[in-house]
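Structural characterization, general
So you can see what is in the structure, the chains are spelled out below.
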Amino acid sequence: MVAAASAPGSRVGFETMKNISLHVITGRWFMVFASLLIMSTAGATYMFGLYSNYIKSALGYDQTTLNLLSFSKDLGGNVGILSGLINELTPPWVVLSIGAAMNFSGYFMMYLAVTRRIPTPHVWHMCLYICIAANSQSFANTGALVTCVKNFPESRGIVLGLLKGFVGLSGAILTQIFHALYGNNNGAHLILLIGWLPAAVSFVFLRTIRIIKVVRQRNELEIFYKLLYISLGLAGFLMVIIIVQNSFVFSGAAYGGSAAVVLVLLFAPLGVLIREELSIWKSKQEALNDFSKFQVVAENPPAIQLPAPLQAEISEPPPPPPLPLHAKAPTSPRKSDSCFTNVFRPPDRGDDYTILQALFSLDMLVLFVATTCGVGGTLTAIDNLGQIGKSLNYPSHATTTFVSLVSIWNYLGRVASGFASEILLKKYKFPRPLMLTMVLLFSCLGHLLIAFGVPNSLYISSIIIGFSFGAQWPLIFAIISEIFGLKYYSTLYNFGAVASPVGSYILNVKVAGQLYDKEAARQMAAKGLTRRAGEDLSCTGVECYKMAFLIITAATLFGCLVSFVLVIRTRKFYRGDIYKKFRDEAAAAESEMTTTNSASATITTSAAAQSRH
């Protein structure tokens, strides 16, 4: 009898746990955690410097060919228009599936090539492989990051800063996992890891990433702050462990321990978000219990005898009033204009632009030019850090320190600009384009330190350049979402990223690369030497990059002026309440839910009354 009595209770307990688990997995906050994990493995493009030498030696490439491979990587990593268009037509899990398949296939083909498991591919084959693999990053960004922005429209700056920050940390995270799993510096194993691990993470969380109806929460900002503190702890640990690993020889067990700490910190947000989802579940259950009590009272009201005419008046609803004779029949809504006929008639800022309206708007042109100058200049500095250090006679091991500083401060720039711009915008109406202008101006200091070769200043330059590079992205993507709306944000988000390879090609290849080679050829001629075919050009001294970074500084200052034009054009828009529309929509949804519950209660009450009569 005890077993029989406990069986129903255990069944009820199982159903309750099942419902709670389903609520947690399908909730908005668990989706944030899934997006954080996807972003934390989506930055493999930043790890090219760790395996590029292995590709160069394994396939016998010269430096020019390796640079071509690097440009293909940058092109694939930033041209995500296709992923944006696909996301406009399909749910996010389709975009994430395609990205995972591209990531694995591209890097796996590279792995087969460098390990000689397939015939040596042509150079254009390798460029295609790495372009496809790097393009998967835009699919991950579109599927996870864009979806999060749409689910948290009133905290978009914070969401962008936090998720893009984890992308900045992904290189350091994957490096720790690589050392723990493989215990060596084999470039082929690293290529294999960044091929299967990001794809596996995306596939695990495919169906949890989706658009969810926005429900406003008063403690939303507080939760994001908790996630920020955890990410700061992760970034701090990574910075310390990287410095320690560069100073001492680590064993396999030591690498395993550091990777375990990284994973614990990486999964720590899950506890915060599960607690929040359980709180939401408890609130819903309390509301349902209150509603059930109301139903019980409604089904058993006190017996009150009313006169028969009054009972009939209550039980039968009054007939609708007749339409006046002169009333016109409702007409069908006017057919909307074609997307090509209203290209140059955009809506007000903040409303949903079409893709063509946004692309042909002056605001987008101004933002694109500013991004090309700002991101292009900082990306040129990051790509050339190794060569800059070598030309200025820094020790060889200092290059690893420069890259680590850029990685950590890249993360700090992203989260700082995301959180700070959101707080300043809500409290003081401080426009995001003005903050972008200030970041561009700040990056000029790092460029000038490189140009004049101030002794031991490359460490400071790495911090400034890394912070500025990271800080620009959340601001750019938030500005796009605010000015042009969220309806076609998937495509417009990826269009904003196109400015990065454009600026990189102009300032890196055409300016820094050619001026470096010119100075190197001059130094070789001064020594009476002649360059042989296939021989690498090497330059030493401040003059190698001086003129290039003076030009880059001038281009960045021009970007500041262009960005300030956007500040002037949008000053009235940012003085207003740009999030009012989303609050009204959330309030309407809550009102609709309340009305539905009230209607259900009324129907239940009427049914109970009729059953008694």
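Everything below is about the structure printed above this text.
The paragraphs below set out a description of the structure included in this document. Every value quoted in this text rests on a predicted model; they were computed, and no experiment measured them.

All told, the structure shown has one disulfide when counted by the stated rule. With its sulfur 2.0 Å from that of its partner, Cys 539 forms a disulfide with Cys 544. The sign of the S-S torsion, about -95 degrees, decides the handedness of the disulfide formed by Cys 539 and Cys 544: left-handed. Residues Cys 539 and Cys 544 agree in their burial class; the two are buried. Summary of cysteine pairing: Cys 131 is not part of a disulfide, and the nearest cysteine sulfur, belonging to Cys 127, is at 8.6 Å. Here Cys 373 stays free of any disulfide, with the sulfur of Cys 560 as its closest cysteine sulfur at 9.1 Å.

Helix-helix packing is characterised by the crossing angle of the two axes and by the distance between the axes. Packing of helix H20 (residues 499–526) against helix H21 (residues 543–569) brings their axes to within 8 Å, and their N-to-C directions diverge by 155 degrees. Classified by the interaxial angle, the pair formed by H20 and H21 is roughly antiparallel. The hand of the H20/H21 crossing is right-handed. Contacts between H20 and H21 involve Leu 507, Val 511, Ala 512, Leu 515, Tyr 516, Glu 519 and Gln 523 on the former and, on the latter, Glu 543, Cys 544, Tyr 545, Met 547, Ala 548, Ile 551, Ile 552 and Ala 555.

Here we come to a nonpolar patch on the surface. A surface patch of nonpolar side chains, about 290 Å² in accessible area, is lined by Val 502, Tyr 505, Ile 506 and Val 509. In this structure, Val 502 sits in helix H20. Overall, the relative accessible area of 31% leaves Val 502 in the partly exposed class.

The subject of this paragraph is the nonpolar core. Membership of the largest hydrophobic core comes to 121 residues, with the highest contact counts inside it found for Met 39, Tyr 51 and Ile 55. Those residues in contact with Tyr 51, other than ones at most four positions away along the chain, are Tyr 107, Met 110, Ile 130, Gly 187, Leu 190, Ile 191 and Ile 194. Within the second largest apolar cluster, 23 residues are counted, among which are Tyr 394, Val 406, Ile 450 and Cys 539.

Another aspect to go through is the pattern of salt bridges. All told, the structure shown has eight salt bridges when counted by the stated rule. Of the charged contacts in the structure, one is a salt bridge between Asp 363 and Arg 349, with a shortest N-O distance of 2.8 Å. Linking Asp 363 in helix H14 (residues 362–383) with Arg 349 in the loop between helix H12 (308–315) and helix H13 (355–359), this pair joins segments that are 14 residues apart in sequence. Across the pair Lys 426 and Glu 422 runs a salt bridge, and its minimum N-O distance is 3.9 Å. Pair noted here: Lys 426 and Glu 422 are both in helix H16 (residues 398–428), with a separation of four residues, about one helical turn. Taking the relative accessible area as the measure of exposure, Glu 422 reaches 1% and is therefore buried.

Residue pairs spaced three or four apart in an α-helix point in one direction, given the helix's 3.6 residues per turn. Compared with the 40 Å implied by 1.5 Å per residue over 28 residues, the 39 Å span of H20 between its first and last C-alpha is a close match. The largest bend in H20 is about 25 degrees, located at Asn 508. Remark: Gly 528 follows H20 within two positions and exhibits a positive phi of approximately 75 degrees.

The rules behind these values
- Residues numbered from 1 in each chain as written.
- Predicted model: local features only at pLDDT ≥ 70, side-chain atom pairs only at ≥ 80, totals over all residues.
- Heavy atoms only, no water.
- Disulfide = S-S within 2.5 Å.
- Buried < 20%, exposed > 50% of the residue type's maximum accessible area, 1.4 Å probe, protein only.
- Axes fitted to C-alpha atoms, helices over the stretch in contact; angles between N-to-C directions.
- Helix = DSSP H or I, 4+ residues; strand = E, 2+ residues; numbered from the N terminus.
- Parallel < 35°, antiparallel > 145°, perpendicular 65-115°, else oblique.
- Left-handed = near helix turned anticlockwise from the far one by under 90°.
- Contact = heavy atoms within 4.5 Å.
- Patch = residues over 30% accessible without salt bridge, like charges linked within 9 Å, V, L, I, M, F, W, Y side chains within 5 Å.
- Areas by Shrake-Rupley, 256 points an atom, 1.4 Å probe, with all protein chains shown as cover.
- Salt bridge = Lys/Arg side-chain N within 4 Å of Asp/Glu carboxyl O.
- Core = buried A, V, L, I, M, F, W, Y, C linked by side-chain atoms within 4.5 Å.
- Expected span 1.5 Å × (residues − 1).
- Bend = angle between axes of the 7 residues up to and from the residue.

Limitation: the analysis is restricted to geometry and does not speak to function.
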